[in-house]
Amino acid sequence: MSHANALLTPRGRLALARCVVEDGWPLRRAAERFQVSPTTAARWSARYREAATAGMVDRSSRPNHSPDAPRDARNVASSGCGSPAGGTGPHRLAPRGAWPG
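Quantities reported herein were computed from a predicted structural model and do not represent experimental measurements.

Enquirer: Outline the overall build of the protein chain, supporting the account with residue identities and numerical values.
Expert: In terms of regular secondary structure, the protein chain is built from 5 helices and 0 strands. Its helices and strands in sequence order give the protein chain the pattern α-α-α-α-α, from N to C terminus. Look at the contacts in the protein chain between residues 6 or more apart in sequence, and 44% of them connect residues 24 or more apart.

Enquirer: Pulling in residues and values, what's your account of the packing of aromatic side chains?
Expert: If you walk through the whole model with that rule in mind, you get 0 aromatic pairs. The residue whose ring lies beneath R29 is W25, and the NZ or CZ to ring-centre distance is 4.3 Å. We note R33 situated over the ring of F34; from NZ or CZ to the ring centre the distance is 5.0 Å.

Cut-offs used in this document
Residues numbered from 1 in each chain as written. Predicted model: local features only at pLDDT ≥ 70, side-chain atom pairs only at ≥ 80, totals over all residues. Heavy atoms only, no water. Helix = DSSP H or I, 4+ residues; strand = E, 2+ residues; numbered from the N terminus. Contact = heavy atoms within 4.5 Å. Phe/Tyr/Trp six-rings, centres within 6.5 Å; stacked < 30°, edge-to-face > 60°. Lys NZ or Arg CZ within 6 Å of the ring centre and 35° of its normal.

Okay, here's the thing in structure tokens:
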């Protein structure tokens, strides 16, 4: 969490985006003024164009999907790897070469 006067709070993002979108500042000039990269200035400007003030809030960093994740809970339970109920913790997997260590 940042302090109230930090440049990239939602209020600072809004000021940056308004400079670019409404006042016509070049991205590089706005980025320099707000001490961010031009890429960051472009990101906040685009979000402001899409959603106005609502686009300035933090978004979740959780991925939308995870391709390597198991398809359902049964896959996790049936694998038995590391499951306390299955009794296949690291102390039992190591002799089989399935666990580094």
